[in-house]
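# Topology and contacts: notes
One-letter residues, chain by chain:
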Amino acid sequence: MTIKTNALENLTGDKRLDVDKIVDGSAKSYVNYNGNIAAIVGSHNVSSAVDVAVGTYAFNYTNSIAGSNYSIGTALQMTDQAYGNYYGLCAEIDRFTDPSPISVQVICKYGQSAALYDCGLYSVAIHGGLA
């Protein structure tokens, strides 16, 4: 069944959202990944995760993203307090592996030394069109 409409409206009629905002503006894929146990905690449109190397993970999409020029947002949360101060840690797209329509590779590194580090929780969100 296909439903065709231009807008969605709540029951009281005081809130309305154009369907284009949902189709074009929502995340086409996201993953919350626990690097400590190498497991996907939550996801949408992610078929698998690969622990490539220390601090390096690849996420494969269930449905391809249109092209390779999509927006990727990353974040991380440290869960291991043994190392104390985490200033300078960042999650970023791996510069040696270009994003593709079927996967993206991210790394976690410590900014001052550029050393890769297995981080606790990764979050990656993809915005763009589906193929």
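The paragraphs below set out a description of the structure included in this document. Note that the structure is a prediction, hence the values are computed from the model and not measured.

### Some details on the pairing of strand S6 (residues 56-61)
Of all six residues in S6, five are buried; the element is thus mostly enclosed. Where strand S5 (residues 46-53) and S6 come together, six bridges link them in antiparallel fashion. The residue bridging alanine 53 from the neighbouring strand is threonine 56, located in S6. Hairpin connection from S5 to S6: two residues lie between these consecutive antiparallel strands, with glycine 55 at a positive phi of about 70°. Pairing analysis gives five bridges linking S6 to strand S9 (residues 103-110), with the strands arranged antiparallel. What sits directly across from threonine 56, in S9, is isoleucine 107.

Reading the values: rules and limits
- Residues numbered from 1 in each chain as written.
- Predicted model: local features only at pLDDT ≥ 70, side-chain atom pairs only at ≥ 80, totals over all residues.
- Heavy atoms only, no water.
- Buried < 20%, exposed > 50% of the residue type's maximum accessible area, 1.4 Å probe, protein only.
- Helix = DSSP H or I, 4+ residues; strand = E, 2+ residues; numbered from the N terminus.
- Pairing = 2+ DSSP bridges.

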